[in-house]
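Spelled out from the first residue to the last, the chains are:
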Amino acid sequence: MSRTFRERLLPHLERIADHFDTPFHIYDEAGIRATGEGLKRAFARVRGFNEFYAVKALPNPRILAIMHDLGFGFDCSSIPELVLSRQAGAKPSDLMFTSNNTSRAEFGEAMAHGGAIINLDDISLIDKLPAMPELICFRYNPGPRREGNAIIGEPQRAKFGVAHDQYEEAYRRARDRGARRFGLHTMLVSNELDYRSMVETTRMMLDWAERLGGSLGIRFEFTNIGGGLGIPYESGKAPLDVNALGEAVTGLLAEFEGRNGYAPAVFTESGRYMTGPHGVLVTRAVNRKEIYRTYVGVDACMSSLMRPGMYGAYHHIEVAGKSGEEEVVDVVGSLCENNDKFAEQRSLPRVSDGDLLIIHDTGAHGHSMGFAYNGRLRPQELLLRADGTVERIRRAETMADYFATLAFEPDSVSLNGG
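The rules behind these values
- Residues numbered from 1 in each chain as written.
- Predicted model: local features only at pLDDT ≥ 70, side-chain atom pairs only at ≥ 80, totals over all residues.
- Heavy atoms only, no water.
- Core = buried A, V, L, I, M, F, W, Y, C linked by side-chain atoms within 4.5 Å.
- Buried < 20%, exposed > 50% of the residue type's maximum accessible area, 1.4 Å probe, protein only.
- Helix = DSSP H or I, 4+ residues; strand = E, 2+ residues; numbered from the N terminus.
- Patch = residues over 30% accessible without salt bridge, like charges linked within 9 Å, V, L, I, M, F, W, Y side chains within 5 Å.
- Areas by Shrake-Rupley, 256 points an atom, 1.4 Å probe, with all protein chains shown as cover.
- Salt bridge = Lys/Arg side-chain N within 4 Å of Asp/Glu carboxyl O.
- Pairing = 2+ DSSP bridges.
- Disulfide = S-S within 2.5 Å.

(A) How the structure looks around the nonpolar core. Counting residues in each nonpolar core, the largest one holds 85 residues, and the members touching the most others are Phe74, Ile136, Phe138, Tyr167 and Tyr171. For this core, the leading source of residues is helix 8 (residues 195-216), giving nine residues. Residues Val296, Ile317, Val319 and Val351 belong to the second largest nonpolar core, which totals 16 residues.

(B) Seen up close, a nonpolar patch on the surface. Nonpolar side chains collect at one region of the surface, where Met399, Tyr402, Phe403, Leu406 and Phe408 lie side by side and expose about 600 Å² of accessible area between them. With respect to the element layout, Met399 can be found in helix 12 (residues 399-403).

(C) Expanded view of the pairing of strand 17 (residues 380-384). Counting buried positions along strand 17 yields five of five residues, so the element is predominantly enclosed. Alternating residues of strand 17 divide into Gln380, Leu382 and Leu384 and Glu381 and Leu383, and every residue in both groups is buried. Two elements, strand 1 (residues 24-28) and strand 17, share five bridges in a ladder whose sense is parallel. Bridge pairing links Ile26 to Leu382 in strand 17.

(D) Quick peek at the state of the cysteines. One pass over the structure, following the stated rule, counts zero disulfides. With no disulfide of its own, Cys137 lies closest to Cys76 among cysteine sulfurs, the gap being 13 Å. Lacking any disulfide linkage, Cys336 is separated from the closest cysteine sulfur, that of Cys301, by 12 Å.

(E) Broad picture of the pattern of salt bridges. Using the criterion set out here, one finds 35 salt bridges in the structure. Here Asp176 ties to Arg175 by a salt bridge, and the two come within 3.1 Å at their closest N and O atoms. Accessibility expressed as a relative area gives 26% for Arg175, which makes it partly exposed.

(F) Structural context of the pairing of strand 2 (residues 50-54). Counting buried positions over the five residues of strand 2 gives five, a clear majority of the element. Neither face of strand 2 is exposed, since Asn50, Phe52 and Ala54 on one face and Glu51 and Tyr53 on the opposite face are all buried. Here two bridges tie strand 2 to strand 10 (residues 265-268), and the two strands are oriented parallel to one another. Residue pairing across strands places Asn50 opposite Phe267, the latter belonging to strand 10. With three bridges joining them, strand 2 and strand 3 (residues 73-76) adopt parallel strand pairing. Following the sheet pairing, Phe52 is matched in strand 3 by Gly73.

Okay, structure coming up:
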């Protein structure tokens, strides 16, 4: 959570909570816009640079409208994400469709309505396309040639991407089947704070551009170096040096152009970097339990933010308006599941029923990863607008939503007889 977001939010938090009730995710429009403009400045010398916002991080129409206003495209991995992006005003050239284990029907939907940039995750998917698009790219998986990181895993164990030994053949087959325009794609890390990792990824993909240009006569319009730009969830960690990244990538492209007479554009598809620090989950303490540990129970649960329970992710927590002597507690929700915890053995000021807890950096992969186990429903989403207004941009789920899929036309098939 940025300093300026805290300054805009905290003086008014109790009023917001009283008006909208808790729990809720709230996002900071001014912070999102500032990060987007900073990313554009960092890559200002890269011709054709664009960010394709990873819709999976925060698929809310109001947030996508901000991204569109910034001039960004959208990275989509499902048909609903494509529909949301098109509704936000995206043109086909603004859409990167990167899916895996995709059916023919899904590809048909993706290529309808003017289409999108199709980024194939496997060489076998060439045969599932209804027709070969003019522009195609493939996601590269280098296997043991590169290291991943803790969240996305080692490349050779990842389900994503075309293997090293298949990569040239994938482009040959696409070219022979009618593709005339080409791009490159990869994504190797998630929440990476060392910009040098992304520099090496850019170098790796430019090497492929030269190699395939020589063997297949292909000229590449872009290389998409993926998402993975990180944010420092823990205080004291240095943020990603995006300006150093942009400078280094600019240098690599200049060297490439000197050797080849042209340079591809560079795309990113950040989600977490764009919105992660600009969202918080606000929840109210409802119970205090003293057994072998001290538990602070809150009115949000893992259905609002599953990252801590899913893989032990750290999110900073503060108690609104409180400081001073601290105690060690677990902050937990109400699910009938023992990993329904936002923090374990965390030092916090003493929490009493009714206190507001602010869980930081939930602007990406927070609400979007929610679920309805135990019938615990996802909370509302709010936007702190740049003009100082707070508006609801998604209502909380209701029991009517939960039961909606139980209203359907009866259907059955008999397995007896012919």
